[in-house]
Amino acid sequence: MAYGRFSRWLCVAAASAACGGDGGSEDGGTITSDTTGITTNSSSSSAGDTGPECPTPGLGCPCGPGGTCDEGLVCEAGVCGTGSDTSASSSSTIDPTDGSSSTGEAVCGDGVAQAGELCLGLPAMLVMGSAPSAIVVASFDGDDALDLVTANRDADQVAIRIGDGSGDFGPPVSYPTGDAPVGLGMGDFDGDTHLDLVVANSGAGTITWLRGDSTGSFSSGGDFTAGMAPSAIAVTDFGADGRDDVIVANGGESSIGVFLADPAPFAAMVPHAVQAGPRALALVDANDDGAIDVVTANGGGNTASLLLGTGSGAFGASAAYPVGTEPRGVAGGDVSGDDLADAVTVDAGASAMTLLRGNGLGAFAAPVPFGGASTPSGLVLADIDLDGDLDLVVASTGDMTIRLLLNDGDAMFTEVAQFNTGATPVAVATADINADGLPDLISANQGTNTVTIVLSGA
């Protein structure tokens, strides 16, 4: 059955009440649900191949109104199937004592999170500030609920909303930064066990340190000189001394910079050359030696750079790999299931993505373009359907959507859904913001001063 994977595993709340709720969230009118904000398809892509678009309500596609499907098909857990696939969720028996499926298959709406389950709600928008350009999610006030922070480029500030653990958030509270903040990271930079923020100020050529406390509030820790137009930040602890260090991509020049948190608060930036115009960076272990390496997406050179680390915050010379036109984002992780670090870029000029498979020896194989998106600007790798494989979430700026591509475990990515966002989504994140054990999707939308939130549910 060509679409059997999706008739069993894909349940999108816009298509069927079987998903168990709309996944939306409200807080006094600042979050609004978009009831037409989800589209699905089953086009598959790897090494440039693309499968057929998903008909609606055809085989493997969401059911129509009232659970209707094309002639000869039946609605199975919100998706049109043949009715004869005994492994489909509609043929499972639900144990009323614990809601589990006797066949072990994923069933949307039973309240039990299982591997392969994909139950996504309606997109909702939450106002954050002027031109949010980066996003982080964590508990900054020390409770179990996750909070939401954005770097607001046109307001020269960051804004935080404290979460209550259900998917709702309090009002935004802002803190000043340098000019045009576009990169955002979090870590403990002073060893006090509280999460701090560090911000890349593109207009000022600086990073701002905002010191956190136990209440989710911040105070200024100072500004520090970076390179020209810093555009992105990554955080790691090179010295394992309890104080996190900072790596910044200097988008206006051909370098990254390392800020060690020793001597306190930060030592002067140490630059390392990469190819032109690094727009984003990711941390990997490309040669499997336990030391952090860095991959950058270089918008000026249409390349990705790989720098192998020594473990102390120093790096060797960069190696360049061609990717698509104008790469704006990069993420690292094992997407091919061989326990080796790979990297994926989103290439705005090519409206596609590029896979760089790692060989475990500190190099990437030949680049493999795949998929399609409209001017993609941000991405994240995360296991969205809990099957053990890293999936791909993309901010598709041109058509104002979040795109979700599932991974089959061998870097074969299949786009299964698109979610409407506000204008100009430029960054995405995943986190369990409603504390149900399932990852939720968040995008930062520059054009509407909002974030879009898509909640998952079992």
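The residue count restarts for each chain, going from 1 along the sequence in the order it is written. For a predicted model such as this one, the threshold for reporting local features is a pLDDT of at least 70, and the threshold for listing and counting side-chain atom pairs is 80 or more; totals across whole chains, interfaces and linings nevertheless cover every residue. The side-chain quantities take in all heavy atoms of the structure and omit both hydrogens and water.

## Focus on the overall build of the chain
Where helices and strands are cited, they refer to DSSP runs of H or I of at least four residues and of E of at least two residues respectively, numbered from the N terminus. Secondary structure assignment for the chain yields one helix and 36 strands. Residue burial is assigned from relative accessible area. The probe radius is 1.4 Å, only protein chains are included, and a residue is buried under 20% of its type maximum, exposed over 50%, and partly exposed in between. Looking at the chain residue by residue over its 458 residues, the buried ones come to 56%. The accessible surface values rely on the Shrake-Rupley method and a 1.4 Å probe; as for residues, cover is taken only from the protein chains in view. Carbon and sulfur atoms provide 52% of the accessible area of the chain, an area that totals close to 15900 Å².

## With respect to the pairing of strand E35 (residues 440-445)
Buried residues dominate E35, accounting for six of its six residues. Both faces of E35 are covered, namely the face carrying Asp440, Ile442 and Ala444 and the face carrying Leu441, Ser443 and Asn445. Two strands are said to pair when DSSP picks up at least two bridges between them. Inspection of the sheet shows strand E34 (residues 425-431) paired to E35 by six bridges, in the antiparallel sense. The residue of E35 that forms the bridge with valine 428 is serine 443. Pairing between E35 and strand E36 (residues 450-454): five bridges, direction antiparallel. Bridging across to E36, alanine 444 finds its partner in valine 451. Between E35 and E36, which pair antiparallel in sequence order, lie four residues; one of them, asparagine 449, sits at a positive phi of approximately 60°.

## Here we look at the nonpolar core
We call a set of buried Ala, Val, Leu, Ile, Met, Phe, Trp, Tyr and Cys residues a nonpolar core when their side-chain atoms join them within 4.5 Å. Grouped together as the largest cluster of nonpolar side chains are 17 residues, with contacts concentrated most on Ile135, Leu148, Ile433, Ile442, Val451 and Ile453. Listed by contribution, the elements that provide at least two residues to this core are strand E10 (132-138), E34, E35 and E36. Per element, the largest residue contribution to this core is four residues, and it comes from E34. When near neighbours in sequence (up to four residues on either side) are disregarded, isoleucine 433 contacts Val137, Leu146, Gly165, Ser166, Gly167, Phe169, Asp440, Ile442, Ile453 and Leu455. Counting 16 residues, the second-largest nonpolar core is a separate cluster that includes Leu118, Ile402, Leu404 and Leu441. Throughout, a residue-residue contact means that at least one pair of heavy atoms, one from each residue, lies within 4.5 Å.

## Observations regarding the layout of surface pockets
There is about 1200 Å³ of room inside the largest pocket. Taken together, 37 residues line the largest pocket, and the ones lying closest to its centre are Leu184, Ile233, Leu379, Ala427 and Val428. Just so you know the grouping, Ala, Val, Leu, Ile, Met, Phe, Trp, Tyr, Cys and Pro go in nonpolar, Asp, Glu, Lys and Arg go in charged, and all remaining residues, Gly too, go in polar. Residues belonging to the lining of the largest pocket are distributed by class as follows: 24 nonpolar, 10 polar and three charged. Detection works on a 1 Å grid of protein atoms alone, calling trapped sets that fit a 1.4 Å probe cavities and calling open sets with protein on both sides within 12 Å along at least five of seven lines pockets, with lining residues defined by an atom within 4 Å of a point. Grid points are joined across faces, edges and corners, and a volume is the space filled by probe spheres set on the points.

## Brief notes about the packing of aromatic side chains
Here a Phe, Tyr or Trp ring, Trp counted by its six-membered ring, pairs with any other such ring whose centre lies within 6.5 Å, and the pair is stacked when the planes are under 30 degrees apart, edge-to-face when over 60, and tilted otherwise. One pass over the full model with this rule turns up nine aromatic pairs. On the basis of an interplanar angle of 65° and a centroid distance of 5.7 Å, the ring pair of phenylalanine 140 and phenylalanine 218 is categorised as edge-to-face. Within this pair, whereas phenylalanine 140 is found in the loop between E10 and strand E11 (147-152), its partner phenylalanine 218 is found in strand E17 (residues 218-225), the two being separated by 78 residues in sequence. By relative accessible area, phenylalanine 140 is classed as buried at 3%. Judged by centre distance (6.0 Å) and plane angle (80°), the ring pair of phenylalanine 238 and phenylalanine 315 falls under edge-to-face. Here phenylalanine 315 lies in the loop between strand E24 (303-307) and strand E25 (319-322) and phenylalanine 238 lies in the loop between strand E18 (230-236) and strand E19 (245-250), a separation of 77 residues in the sequence. Residue class for phenylalanine 238 comes out buried when judged on its relative accessible area of 10%. For phenylalanine 315, a relative accessible area of 10% gives the class buried. An aromatic cluster is built from Phe189, Trp209, Phe224, Phe259 and Phe266, whose rings are joined through pairwise contacts.

## Here's the deal with the pattern of salt bridges
The salt bridge criterion pairs a side-chain nitrogen of Lys or Arg with a carboxyl oxygen of Asp or Glu, the two atoms within 4 Å. Under the defined criterion, the tally for this structure stands at six salt bridges. For arginine 403, the salt bridge identified is with aspartate 399, shortest N-O distance 2.5 Å. Take aspartate 399: its relative accessible area is 25%, and that puts it in the partly exposed class. The partner of arginine 403 in a salt bridge is glutamate 415, and the shortest N-O contact between them spans 3.3 Å.

## With respect to the pairing of strand E14 (residues 181-187)
For E14, the tally of buried residues reaches six of seven residues, placing the bulk of the element in the interior. When E14 meets strand E15 (residues 196-201), the two strands line up antiparallel, connected through six bridges. Opposite methionine 186, over in E15, you have leucine 197 as the bridge partner.

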